Amino acid sequence: MSNVVIETRQLTKEFVRGESKVVALKDANITIEKGEFVALMGPSGSGKSTLLHLIAAMDRATGGEIRVLGEDLRKLSDGDIARWRNAHVGFVFQSFNLIPVLSAWENVELPLKLTKLGKAARLDHAKKALELVGLGDRLDHTPRQLSGGQEQRVAIARAIVTDPDLILADEPTGNLDANSARDALDLLGRLNREFGKTIVMVTHDPHAAKSASKVRYLEKGELLPIGQKPEDW
Amino acid sequence: MALPLTYNWRNLLARKTTTLMTALGIALTVAVLLATAALVDGLKTSLTSTAHPLNVLVMRKGSTAELNSNRSPEDYQIIKVKRGIAKGPNGEPLASLELVTVVILEGDLGAINITARGITPQGWLLREGVKIVEGRQFQPGRREIVVGKSIASRYPAARLGGTIDFGRGPWQVVGVMDAGRSAANSELFCDLNQLAADQNRATALSSVLVRAIDEVAMQALTNDLTADTRLNADAPSESSYYASQTQSAAPLQFIGTFVALIMAIGSCFAAMNTMYAAVARRAAEIGTLRVLGFSKGGILLSFLLESLLLSFVGGILGCLLVLPLNNLQTGIGNFVTFSEITFDFRVTPELMLTGLAFALFMGAVGGLFPAATAARKEILTALKQT
């Protein structure tokens, strides 16, 4: 069985703004294998988030090919994508994106609502995920009652609760202080090393990128060859 | 599985003021609709419960009401020996010649028209539902009256021991009758001969009320009465006669429903506005839910349910607002008898269910478009709207 988790060929994304076309990502070729922790870096507007969104099927490519976990994402319907993402992909946002009216465990339980698990099993899974991120004693706290670092850990628990094959993180430390950022990165590192999760992380922060096993740089919508950095970096 | 209802409920609680104001708007709309319906239902119940299913009212052909009917004692002699008429305990046919007129009653609430009904002793037997709750029946040959309890409760002069002036002089109130929810509660009963003499109508009386033995006999009796050329009569069942008077409620029903509909349109827009605001405020949440795997349909359903939940709260509040009206007595002019009929508002469980259904309808209409907007949002666009 192939170890390739993500494979793109000539992947392109263009936006139409008024009468002009903006190329956000151009002919990107990347292969990420199972168990890799890859950081995507580059200046603002370089296309790193666009690539991450295409991998997560949150957006549709305008050209090229993309296969993630063996699925040709171009061929999936919106409904299929929703189910596929729920089953196979965990996503960590820069702003945590927790639901403010739900408690920590209810937030973590949310993706499990789309599975066939019963309530007791959902609660058990959510509790274990929160214990894994060190928040087993904060089950009933709402996001407002948590610090930024704790919120991000709840968000990571939510991303892993369905035991996804792939974790995608968009600037996960962007809104955190140094200590909390280190905790979050340690956690992602553990998930990669101990649980074999494949992780793709977009970041501006060179310190954050050090947690990754591989770093790929983008510039002006182009994915640079392995080992090559943008001119100003 | 859809998003949990607790998610919607807590979001409604998170914006208490908006939720409360929108729910109150829906509540007032439901209350107006239910109050109108309770009034109309009370009036209809009053009129329809007046009738006995085997009673037949014999009036002059073409008369729409007893008030403009004309029956003579000779007619009565012909009618009471018809086949198919039940006999009372005294062995006499259950047939009552009656005179119906309108008298003016003065009270604290102003002057009102009241139906005065002159009856024979057989008239009591034809109205088993009418009970004397205070005093006694009037005595034949005396200027005595028995008043319906609604009249007695609203007009001090019509209470037991009081006197009412009409016709040629005062009448003494010797009894108060309780006729359940029927229209007799709004009438005065007195001796037929006294009233006929008082009104100079000894030969021009109003109607004859008869009781058929059974349903089969009732049909035959009706046919016989209407076919008898000596009588020149219409003979509707008492039920259909009173049912036709429910048209008195039609203007009220129209105005109430019209006002409620106008308010409903406003409430729909209020719900829509609230839900559009919720969708705009929670755009990033919507994007997040989509990323977690919730489908467009799931998002639509969730926001629609939230709108329904909001309107359900409004519906419950509306029912609570209108509940104190239950059994509250009121009166309106009956356009057929030209007299006032008093009755109770009836806020029934069925009516409240209708109110809740109406509220949910408003919620569905108001919530559908915002929910569709939420469902249609592109994930990335939604996530950027923080």
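Since we're looking at a predicted model, the values are computed, not measured. (Residues numbered from 1 in each chain as written. Chains lettered and ligands numbered in written order. Predicted model: local features only at pLDDT ≥ 70, side-chain atom pairs only at ≥ 80, totals over all residues.)

## Focus on the overall build of chain B
And step 1. Scanning chain B from N- to C-terminus turns up 13 helices and 12 strands.
And step 2. At 29 Å, chain B has a C-alpha radius of gyration far larger than the 21 Å of a compact globule built from 386 residues.
And step 3. Referenced to the eigenvectors of the C-alpha coordinate spread, the extents of chain B come out at roughly 90 × 45 × 30 Å.
And step 4. Evaluated residue by residue, chain B yields a buried proportion of 49% over its 386 residues.
And step 5. If you take every contact in chain B between residues at least 6 apart in sequence, the share linking residues at least 24 apart comes to 82%. (Helix = DSSP H or I, 4+ residues; strand = E, 2+ residues; numbered from the N terminus. Rg over C-alpha atoms; globule rule 2.2 N^0.38 Å. Buried ≥ 20, exposed ≤ 12 C-beta atoms within 10 Å, placed from the backbone. Contact = placed C-beta atoms within 7 Å.)

## Points about the sheet that holds strand S6 (residues 89–92) of chain A
Residue and element names in this part refer to chain A.
And step 1. With mixed pairing, the six strands of this open sheet are ordered in space as S6-S7-S8-S3-S9-S10. Strand pairing shows two members of the sheet lacking a second neighbour, S6 and strand S10 (222–223), which therefore form its edges.
And step 2. Taken together, the five bridges between strand S7 (residues 166–170) and strand S8 (residues 198–203) define a ladder with parallel strand orientation. Residue Ala-169 lies in a different strand from S8, and its bridge partner there is Met-201. (Pairing = 2+ DSSP bridges.)

## Side note on unusual backbone geometry
And step 1. One non-glycine residue, Leu69(A), lies in the positive phi region at around 55°.
And step 2. Of note, Leu69(A) is situated in the loop between strand S4 (63–68) and strand S5 (71–72).
And step 3. Here Leu69(A) falls in the partly exposed class, since 17 other C-beta atoms lie within 10 Å of it.
And step 4. Look at Asn232(B): it is not a glycine, yet its phi comes out positive at around 45°.
And step 5. Inspection of the secondary structure assignment puts Asn232(B) in the loop between helix H7 (215–227) and strand S10 (233–234).

## Let's talk about the interface of chain A and chain B
And step 1. The interface of chain A with chain B comprises 19 residues on the first partner and 18 residues on the second.
And step 2. Of the residues forming the side of chain A that touches chain B, the biggest block, six residues, is contributed by helix H2 (residues 78–88) of chain A.
And step 3. Tallied by class, the residues present in the side of chain A that touches chain B amount to nine nonpolar, five polar and five charged. (Nonpolar A, V, L, I, M, F, W, Y, C, P; charged D, E, K, R; others polar.)

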